[in-house]
Amino acid sequence: MTSATGYLPAQIRLHWLAAILIVLQVVLHEPMAEAWEALGEGRPVTLGPAIAGHVAGGLLILAFALWRLVLRIRRGAPPPPAGPAVLRLLAGLAHLALYALMVVMPLSGAAAWFFGVAPAAAVHVTLVPALIALVLMHAAAALWHHFWRQDESLLRMLRPGR
């Protein structure tokens, strides 16, 4: 693994595409929940754009997360900004949790939807608040770094580095 001083354009695009898709997943949650309930009750389900979008979005998030992990393993990532060790530790744990959720949620959703695994659906739904909280914390931390600490954290995800 090499030591990166910034993110590649591909890493930046994957980050923002995943962010957009995660927001869309939250928006498309209700139609998907209604479809899952209908399936459980034996009622017919119409696979409209909202349901197809939720399923496809989840699978894309999984693909993008795995792609980002491969890029991170092969290329590395820029070092965290200077600051207290506890903040660097919390940032690392938050990123690890985000990656874990971007893998576990699509896998559990797919297991539920495609294979009817009800416990996987329960896991999927249970993790939604954690994902929303982590995404909001991640965005708030980026803004805090940009406006309060005035470091390059946010800018690194807007413009490619070396």
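The structure we're discussing is the one just above.
Because the structure is predicted, anything quoted here is derived from the model rather than measured.

J.: Teacher, can you tell me more about the overall build of the protein here?
T.: Along the backbone of the protein there are six helices and zero strands. In the protein, the order of α-helices and β-strands from amino to carboxyl end is α-α-α-α-α-α. Seen along its three principal axes, the alpha-carbon backbone of the protein occupies a region of about 55 × 30 × 25 Å. Within the protein, counting contacts between residues at least 6 apart in sequence, those at least 24 apart form 79% of the total.

J.: Would you explain the packing of helix α4 (residues 85-115) against helix α5 (residues 118-149) in this entry?
T.: Think of two packed helices as two axes; the pair is described by the angle between the axes and how far apart they sit. Direction vectors running N to C along α4 and α5 enclose 145 degrees, while the axes themselves pass 9 Å from each other. Here α4 and α5 pass one another in a crossing that is left-handed. In contact with Leu87, Ala94, His95, Ala97, Leu98, Leu101, Val104, Met105, Ser108, Gly109, Ala111 and Ala112 of α4, α5 contributes Ala120, Ala121, Val123, His124, Leu127, Val128, Ala130, Leu131, Leu134, Val135, His138 and Trp144.

J.: Help me understand the pattern of salt bridges in this model?
T.: Here the structure, examined in full by the defined rule, presents two salt bridges. Linking Glu41 and Arg43 is a salt bridge whose minimum nitrogen-to-oxygen distance equals 2.8 Å. In this structure Arg43 comes out as partly exposed when scored by relative accessible area, which is 40%. Salt-bridge contacts for Glu152 lead to Arg159; the nearest nitrogen and oxygen are separated by 2.6 Å. When its relative accessible area of 42% is taken as the criterion, Glu152 is described as partly exposed. Accessibility expressed as a relative area gives 45% for Arg159, which makes it partly exposed.

J.: I tried to follow a nonpolar patch on the surface on my own but got confused; where do I start?
T.: Side chains of Val86, Leu87, Leu89, Leu90, Leu93, Leu96, Trp144 and Trp148 sit close together on the surface and give an oily, nonpolar patch of about 860 Å² of accessible area. Broken down by secondary-structure element, the contributors of at least two residues to the nonpolar patch are α4 and α5. Exposure remark for Trp144: the relative accessible area of 35% places this residue in the partly exposed category.

J.: What's the story with helix α3 (residues 49-75) in this structure? I'm lost.
T.: Given 3.6 residues per turn, any residue in an α-helix points the same way as the ones three and four places further on. Taking 1.5 Å per residue, 27 residues should reach 39 Å; α3 reaches 37 Å between its end C-alpha atoms and fits that length. Among all positions of α3, only Ile51, His54, Val55, Gly57, Gly58, Ile61, Leu62, Phe64, Ala65, Arg68, Leu71 and Arg75 are buried. Contacts from the buried residues of α3 go to α1 (9-27), α2 (29-40), α4 and α5. Phi turns positive, to about 95 degrees, at Gly76, one or two residues after α3.

J.: Help me understand the packing of α2 against α3 in this model?
T.: At a minimum axis distance of 8 Å, the contact between α2 and α3 shows a crossing angle of 100 degrees. Between α2 and α3, the interaxial angle falls into the category roughly perpendicular. Only Ala50, Ile51, His54 and Val55 of α3 make contact with α2, whose side of the interface consists of His29, Pro31, Met32 and Ala35.

J.: Teacher, can you tell me more about the side chain of His54 here?
T.: Assignment of secondary structure puts His54 in helix α3. Setting aside anything within four residues of it in sequence, one finds His54 in contact with Gln25, Leu28, His29, Met32 and His124.

J.: What is the right way to read the nonpolar core from this model?
T.: Soluble globular proteins tend to pack their nonpolar side chains together in the buried interior. By size, the foremost hydrophobic cluster in this structure holds 17 residues, and its most contacted members are Ile22, Ile61, Leu101, Met102 and Leu131. Listed by contribution, the elements that provide at least two residues to this core are α1, α3, α4 and α5. Per element, the largest residue contribution to this core is six residues, and it comes from α4. With sequence-adjacent residues up to four places away left out, Met102 is seen in contact with Ala18, Ile22, Ile61, Leu62, Ala65 and Arg68. With five residues, the next largest nonpolar core counts Met32, Ala35, Ile51 and Trp113 among its residues.

Here is what the cut-offs are and how they apply
- Residues numbered from 1 in each chain as written.
- Predicted model: local features only at pLDDT ≥ 70, side-chain atom pairs only at ≥ 80, totals over all residues.
- Heavy atoms only, no water.
- Helix = DSSP H or I, 4+ residues; strand = E, 2+ residues; numbered from the N terminus.
- Contact = heavy atoms within 4.5 Å.
- Axes fitted to C-alpha atoms, helices over the stretch in contact; angles between N-to-C directions.
- Left-handed = near helix turned anticlockwise from the far one by under 90°.
- Salt bridge = Lys/Arg side-chain N within 4 Å of Asp/Glu carboxyl O.
- Buried < 20%, exposed > 50% of the residue type's maximum accessible area, 1.4 Å probe, protein only.
- Patch = residues over 30% accessible without salt bridge, like charges linked within 9 Å, V, L, I, M, F, W, Y side chains within 5 Å.
- Areas by Shrake-Rupley, 256 points an atom, 1.4 Å probe, with all protein chains shown as cover.
- Expected span 1.5 Å × (residues − 1).
- Parallel < 35°, antiparallel > 145°, perpendicular 65-115°, else oblique.
- Core = buried A, V, L, I, M, F, W, Y, C linked by side-chain atoms within 4.5 Å.

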